[in-house]
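Here's the letter readout for the chains.
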Amino acid sequence: MSVFYLVAFLAIFFALMTIFTKNPVHSVLYLVVTFFTLTIHYILLNAQFLAVVNFIVYMGAIMVLFLFVLMLLNLNGDTEPVKSNLAKIMGAIAGMCLIATFLGAFRVLQPNNEMVVGNAEIGLVKNLGKVLFNEFLLPFEISSILLLTAMVGAVLLAKKEVRKV
Amino acid sequence: MDSMITQIQGVPLNHYIIFCSLIFAIGVTGVLIRRNVIIIMMSIELMLNSVNLLLAAFSAYRGDASGQVFVFFIMALAAAEVAVGLAIIIMVYRNTKSVDIESLSKLRW
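The following refers to the structure shown. Computed from a predicted structure; not experimentally measured. (Residues numbered from 1 in each chain as written. Chains lettered and ligands numbered in written order. Predicted model: local features only at pLDDT ≥ 70, side-chain atom pairs only at ≥ 80, totals over all residues. Heavy atoms only, no water.)

A closer look at the overall build of chain B
For step 1, the next point in the chain: Counting its secondary structure elements, chain B contains four helices and zero strands.
For step 2, the next point in the chain: When the elements of chain B are put in sequence order from the N terminus, they spell out α-α-α-α.
For step 3, the next point in the chain: Relative to a compact globule of 109 residues, whose C-alpha radius of gyration would be 13 Å, chain B shows 18 Å and is clearly more extended.
For step 4, the next point in the chain: Within the span of chain B, comprising 109 residues, buried residues form 60% of the whole.
For step 5, the next point in the chain: If you take every contact in chain B between residues at least 6 apart in sequence, the share linking residues at least 24 apart comes to 57%.
For step 6, the next point in the chain: Surface accessibility of chain B: about 4,600 Å² in total, with carbon and sulfur atoms responsible for 67%.
For step 7, the next point in the chain: If you average the places of the 7 positive and of the 6 negative side-chain charges in chain B, the two averages end up 16 Å apart. (Helix = DSSP H or I, 4+ residues; strand = E, 2+ residues; numbered from the N terminus. Rg over C-alpha atoms; globule rule 2.2 N^0.38 Å. Buried < 20%, exposed > 50% of the residue type's maximum accessible area, 1.4 Å probe, protein only. Contact = heavy atoms within 4.5 Å. Areas by Shrake-Rupley, 256 points an atom, 1.4 Å probe, with all protein chains shown as cover. Lys, Arg positive; Asp, Glu negative; His and termini not counted. Charge placed at Lys NZ, Arg CZ, Asp CG, Glu CD.)

Considering the packing of helix 2 (residues 24–44) of chain A against helix 3 (residues 48–72) of chain A
All names here are of chain A.
For step 1, the next point in the chain: Direction vectors running N to C along helix 2 and helix 3 enclose 175°, while the axes themselves pass 9 Å from each other. Between helix 2 and helix 3, the angle falls in the class roughly antiparallel. For the pair helix 2 and helix 3, the contacting residues are P24, V25, V28, L31, V32, F35, F36, L38, T39, Y42 and I43 in the first and L50, A51, N54, F55, Y58, M59, M63, F66, L67, L70 and M71 in the second.
For step 2, the next point in the chain: Class assignment for the residues of the contact of helix 2 with helix 3 results in 20 nonpolar, two polar and no charged. (Axes fitted to C-alpha atoms, helices over the stretch in contact; angles between N-to-C directions. Parallel < 35°, antiparallel > 145°, perpendicular 65-115°, else oblique. Nonpolar A, V, L, I, M, F, W, Y, C, P; charged D, E, K, R; others polar.)

A closer look at helix 3 (residues 37–62) of chain B
Residue and element names in this part refer to chain B.
For step 1, the next point in the chain: For helix 3, built from 26 residues, the straight-helix expectation of 38 Å at 1.5 Å per residue is met to within 8% by its first-to-last C-alpha distance of 38 Å.
For step 2, the next point in the chain: Counting buried residues in helix 3 gives 20 out of 26 residues, a clear majority hidden from the surface.
For step 3, the next point in the chain: The N-terminus of helix 3 is capped by N36, whose side-chain oxygen sits 3.1 Å from the backbone nitrogen of I38.
For step 4, the next point in the chain: A positive phi of about 70° marks G63, the residue just after helix 3. (Expected span 1.5 Å × (residues − 1). Polar contact = N/O pair within 3.5 Å; in protein donor to acceptor, adjacent residues only side chain to side chain.)

Next comes the structure, spelled out in structure tokens:
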């Protein structure tokens, strides 16, 4: 049980470092560590398949894509645009207000304080595959079309325009 | 191994909700205080991930696998969003030579 609190603290700490560090490359690296702590959370929840997918898709693919773009555009701490201090303070206050609103809402709702008992069965690939291909077959196919469209769109967008003479 | 599993489980659902809302609020704050478009997209990833974890926690709590399938769909959506978003950022950078969100005022009235 104490493992949860340790990992939660680490996740919040690294998420804060992600948004407060100045250098974008450091920011990406901190975000990778945050996703790693979230992967540990999935393992604690007995969601083994999601842990592996989070590891591969988020840490392996998406964050490497971010790092690749940052290095392609050659951005580092020197070229980082900074907001004025007033806007920063206002943003931080707005974030705090959001947290306060959430906590107040949960106090009013009084959700039950029962324990999360992770069922070892439901996180396995076999069980998830059964649900995915029985109840969610149509959304699964539609998501494949979404990914194809995104790929074509990204290639078209990033292609150099041919200059017409 | 069995004792470890019983030790790591048994966290109240409340604590998962509070933890995920904290991460979500950090993501919102990141969108508000940064001007680099790429870091704003990373904050959005942070928000998506907090919601993912909460869905997985609810799924484990209810003993229903649908929540974990939703997480899978959100991950596919995030991958598509990142691919298109980064392509758009590269196009904007080629035209304006900056990733400053406040230089993107072309759609302003």
